[in-house]
Amino acid sequence: SKGKLIRWKVEVLAFQRADALRRDLTTGERYLLARGPAGENALLYLALPPALVNEAKTIVPLTVVQIIARVRTGRSSPTNVPILEVEAITPP
């Protein structure tokens, strides 16, 4: 649910910049496309605060990391992918 704090292990797929189609992300906002939580195959958008962008850029695709994040939305438009606001990223 919106605002809930979660701690999950996720697999990072790609570092991305939001486009206008992703209505629940700001155009240009940086995010990680990820799969998880561990054991699940769901796609996730991990919205990054400016302080974490440089660190996130260095994560090699398919690396598993632990995130602490808040739920921004459970089903984003138009893809129904959850968006999480990342507060911390750590190796598992």
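Residues numbered from 1 in each chain as written. Predicted model: local features only at pLDDT ≥ 70, side-chain atom pairs only at ≥ 80, totals over all residues. Heavy atoms only, no water.

(A) Representation of the sheet that holds strand 5 (residues 83–90) within the structure. Read around the closed barrel, five strands run 1-2-3-5-4, paired in mixed fashion. Sheet twist, expressed as the average angle between the axes of neighbouring strands with direction ignored, equals 55°. Relative to strand 5, strand 3 (residues 43–47) runs parallel, the two sharing three bridges. Residue pairing for strand 5: Tyr-45 is matched across the bridge by Ile-83. (Pairing = 2+ DSSP bridges. Helix = DSSP H or I, 4+ residues; strand = E, 2+ residues; numbered from the N terminus. Axes fitted to C-alpha atoms, helices over the stretch in contact; angles between N-to-C directions.)

(B) Region of interest: the side chain of Glu-29. Looking at the element boundaries, Glu-29 is found in the loop between strand 1 (5–17) and strand 2 (30–35). For Glu-29, a relative accessible area of 15% translates into the label buried. Setting aside anything within four residues of it in sequence, one finds Glu-29 in contact with Gln-16, Arg-17, Ala-18, Ala-47 and Arg-72. (Buried < 20%, exposed > 50% of the residue type's maximum accessible area, 1.4 Å probe, protein only. Contact = heavy atoms within 4.5 Å.)

(C) Summary view of unusual backbone geometry. Cis geometry marks the peptide bond from Gly-36 to Pro-37; its omega dihedral reads 0°. Structurally, the position occupied by Pro-37 is in the loop between strand 2 and strand 3. The backbone of Leu-62 sits at a positive phi, close to 80°, despite the residue not being glycine. Take Leu-62: its relative accessible area is 55%, and that puts it in the exposed class.

(D) A look at the environment of Glu-11. By the element assignment, Glu-11 lies in strand 1. With 23 residues separating them along the chain, Glu-11 and Ala-34 place their C-alpha atoms 5.4 Å apart.

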